[in-house]
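Below are the chains, spelled out letter by letter.
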Amino acid sequence: MLMQERVIQMQQKIAEAKATSKLKAAKKTQLAESALDDAVILLCEMARRIKQLELKAEVDLIAAQRG
C-alpha cells in the first residue's frame, strides 16, 4: 500500500508541475500578445502622425506657392 501511495503522490506532483508549466507558458503568451497589441497601437499612432505631417507639408507648400 505504501508503494501505491508514493506512486499516486508522484503522479500528483508531475500533474502539478505540468499545470504550473502550462500556466507559466500561458502567462508568457499573454504578455507577448499584450506587447504586440501595444506595438500595433504605437505603429498606428506613428502612421497617423506621419500622415498629419505629410498633409501639413502639402498645405504649407501650396501656401508658399500662392505667396
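Residues numbered from 1 in each chain as written. Predicted model: local features only at pLDDT ≥ 70, side-chain atom pairs only at ≥ 80, totals over all residues. Heavy atoms only, no water.

Quick word on the overall build of the protein chain
Using the following cut-off: Every helix listed is a DSSP run of H or I at least four residues long, and every strand listed is a run of E at least two residues long, numbered separately from the N terminus. With a 1.4 Å probe rolled over the protein chains alone, any residue whose accessible area is under 20% of its type maximum counts as buried; one over 50% counts as exposed, and the rest are partly exposed. Note on areas: these come from Shrake-Rupley sampling with a 1.4 Å probe, and a residue is covered only by the protein chains present in the view. Residues scored as charged are limited to Lys and Arg (positive) and Asp and Glu (negative), so that His and the chain ends carry no count. A charged residue contributes its charge at one atom only: NZ of Lys, CZ of Arg, CG of Asp or CD of Glu.
When you go through the protein chain residue by residue, the secondary structure sums to one helix and zero strands. If one aligns the C-alpha atoms of the protein chain with their principal axes, the spans along those axes are about 100 × 5 × 5 Å. Among the 67 residues that make up the protein chain, the fraction classed as buried is 0%. Carbon and sulfur atoms make up 64% of the accessible area of the protein chain, which totals about 6,500 Å². Counting 12 positive and 9 negative side-chain charges, the protein chain places the centres of these two groups 7 Å from one another.

Quick notes on helix H1 (residues 2-66)
What counts is decided by this rule: Here the expected span of a helix is defined as 1.5 Å times the quantity of residues minus one.
Along its 65 residues, H1 runs 96 Å from first to last C-alpha, staying within 8% of the 96 Å computed at 1.5 Å per residue. Positioned one or two residues after H1, Gly-67 has a phi angle of 85 degrees, which is positive.

Brief notes about the pattern of salt bridges
Note the cut-off: Whenever Lys or Arg places a side-chain nitrogen within 4 Å of a carboxyl oxygen from Asp or Glu, that contact is recorded as a salt bridge.
Under the counting rule described, the total for this entry stands at two salt bridges. Ionic pairing is found between Lys-51 and Glu-54, a salt bridge with its closest N-O pair at 3.9 Å. Here Lys-51 and its partner Glu-54 are both found in helix H1, three residues apart, which amounts to about one turn of the helix. By relative accessible area, Glu-54 is classed as partly exposed at 42%. A salt bridge links Lys-56 to Asp-60, with the shortest nitrogen-to-oxygen separation between them at 2.8 Å. Taken together, the residues span about one helical turn, with Lys-56 and Asp-60 both in helix H1 at a distance of four residues.

Things to note about a nonpolar patch on the surface
Test applied: To count toward a patch, a residue needs a relative accessible area over 30% and no salt bridge; like charges are then connected within 9 Å, while nonpolar side chains (Val, Leu, Ile, Met, Phe, Trp, Tyr) are connected within 5 Å.
Where nonpolar side chains cluster on the molecular surface, the patch consists of Leu-43, Met-46 and Ile-50 and spans about 320 Å² of accessible area. Mapped onto the elements, Ile-50 comes out in helix H1. A residue is classified by how much of its surface remains accessible, and Ile-50, at 47% relative accessible area, is partly exposed.

Here's the deal with the environment of Glu-16
Summarising the element assignment, Glu-16 is placed in helix H1. With 11 residues separating them along the chain, Glu-16 and Glu-5 place their C-alpha atoms 16 Å apart.

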